[in-house]
Amino acid sequence: MTRILSSLSEIAAEYDALLCDLWGCLHNGIAPYPAAVAALQAFRAGGGKVVLLTNAPRPNADVIVQLDRMGVPRDAWDVVVSSGDAAQDAMFAGAVGRKVFFIGADKDLNFFNEIPPEWADAPAIERVPLEEAEGIVCTGLFDDLTETPDDYRAQFLLAKTRGLKLLCANPDIVVDMGDQRIYCAGALAQLYTEMGGESLYFGKPHPPIYDLARRRLAALGGTDSPRLLAIGDGIRTDVEGGLGEGIDTVFITGGLAAEEFGNDVENPESAALDSWLEALQLVPQYAIGRLR
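Here is a short report on the structure shown in this document. Because the structure is a prediction, the values reported are computed rather than measured.

**Here we look at helix 6 (residues 185-194)**
Within helix 6, seven of the ten residues are buried, which leaves the element mostly enclosed by the surrounding structure. Of the positions making up helix 6, those classed as buried are Ala185, Gly186, Ala187, Leu188, Ala189, Leu191 and Tyr192. Just past helix 6, the residue Gly196 takes up positive phi, approximately 105°.

**Quick look at the nonpolar core**
Counting residues in hydrophobic clusters, the biggest one holds 32 residues, and the most contacted among them are Leu40, Leu52, Trp77, Leu229, Ile231, Val250 and Leu291. At the level of secondary structure, the elements contributing two or more residues to this core comprise strand 2 (17-20), helix 1 (34-45), strand 3 (49-54), helix 2 (60-70), strand 12 (228-232), strand 13 (248-252) and strand 14 (286-288). If you tally residues by element for this core, the top one is helix 1, at five residues. In this structure, Leu52 is in contact with Cys20, Leu22, Leu26, Leu40, Leu67, Trp77, Val79, Val80 and Val81, ignoring residues within four places of it in sequence.

**Quick notes on the packing of helix 3 (residues 83-92) against helix 7 (residues 207-219)**
The N-to-C vectors of helix 3 and helix 7 enclose an angle of 105°; their axes lie 9 Å apart at closest approach. As judged from the angle between their axes, helix 3 and helix 7 are roughly perpendicular. For the pair helix 3 and helix 7, contact is made by Ser83, Asp85, Ala86 and Asp89 and by Pro208, Ile209, Leu212, Arg215 and Arg216, respectively. Grouping the constituent residues of the contact of helix 3 with helix 7 by class yields four nonpolar, one polar and four charged.

**Some remarks on the pattern of salt bridges**
A full pass over the atoms with the stated rule returns 13 salt bridges. Between Arg153 and Asp150 there is a salt bridge; the shortest N-O distance is 3.0 Å. Between Asp176 and Arg181 there is a salt bridge; the shortest N-O distance is 2.7 Å. What makes Asp176 partly exposed here is its relative accessible area of 21%. Given the relative accessible area of 44%, Arg181 is considered partly exposed. Residues joined in a network through salt bridges with shared partners are Asp21, Lys204 and Asp238.

Rules used in this analysis
Residues numbered from 1 in each chain as written. Predicted model: local features only at pLDDT ≥ 70, side-chain atom pairs only at ≥ 80, totals over all residues. Heavy atoms only, no water. Buried < 20%, exposed > 50% of the residue type's maximum accessible area, 1.4 Å probe, protein only. Helix = DSSP H or I, 4+ residues; strand = E, 2+ residues; numbered from the N terminus. Core = buried A, V, L, I, M, F, W, Y, C linked by side-chain atoms within 4.5 Å. Contact = heavy atoms within 4.5 Å. Axes fitted to C-alpha atoms, helices over the stretch in contact; angles between N-to-C directions. Parallel < 35°, antiparallel > 145°, perpendicular 65-115°, else oblique. Nonpolar A, V, L, I, M, F, W, Y, C, P; charged D, E, K, R; others polar. Salt bridge = Lys/Arg side-chain N within 4 Å of Asp/Glu carboxyl O.

Rendered as structure tokens:
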């Protein structure tokens, strides 16, 4: 059975570090949740480390700029690890070739332009038309405010016919920006796979981003085998990923699936939660309406 928490402080002393999701947990894409910020600040004040683990398709430096702009204080976290970081490693290693067709918004171009120091001497990655590409790099839709995955069927048919692999820099299917739900790169990768193409993933729930998070956490110092707690509202990303890594996990019920657990977003109904999780065959150790 999943234990419903009233606050993170109930279990904070049992863990050395948090792997905390961003969108839906710490902020809504527009503004931070004050109670969530306070919970992370309190955890750090008690000696814990906070890794912000996000499926954002951009390098962590860009994510930090966004957090600063949004008003998330620096004392709420220690390090940011993004799906963009893990996917960048794969791209520069040549996972989908050196000539790639890019699917994504202009805001994500730093995925190519901000080259990690360890890849400074790697052969260049060239963005080319689909007809000339050796593979596809997808950070999201060209315009996630107006498009849907179905708009990409013709391009994906050509790509599949040519045997191109798609590198997905964000496995999330959807996120909520304020009151608007928008599609992410994961929705395109899912469609491409359904059409017979091959998609490669590097964010949650897949191992590469957790490996990277552990390395960056180790670089901060502390114990060799820290007691980790994963926190997130994505049942197929945050929760499935945390459980798959053997990490105790807190499911934020007031995020993407909030309508499933009653009318009070802050306090999920226990019976509804247990039934919903049983149907998915996933049992996180903890749940809470909102991070607080």
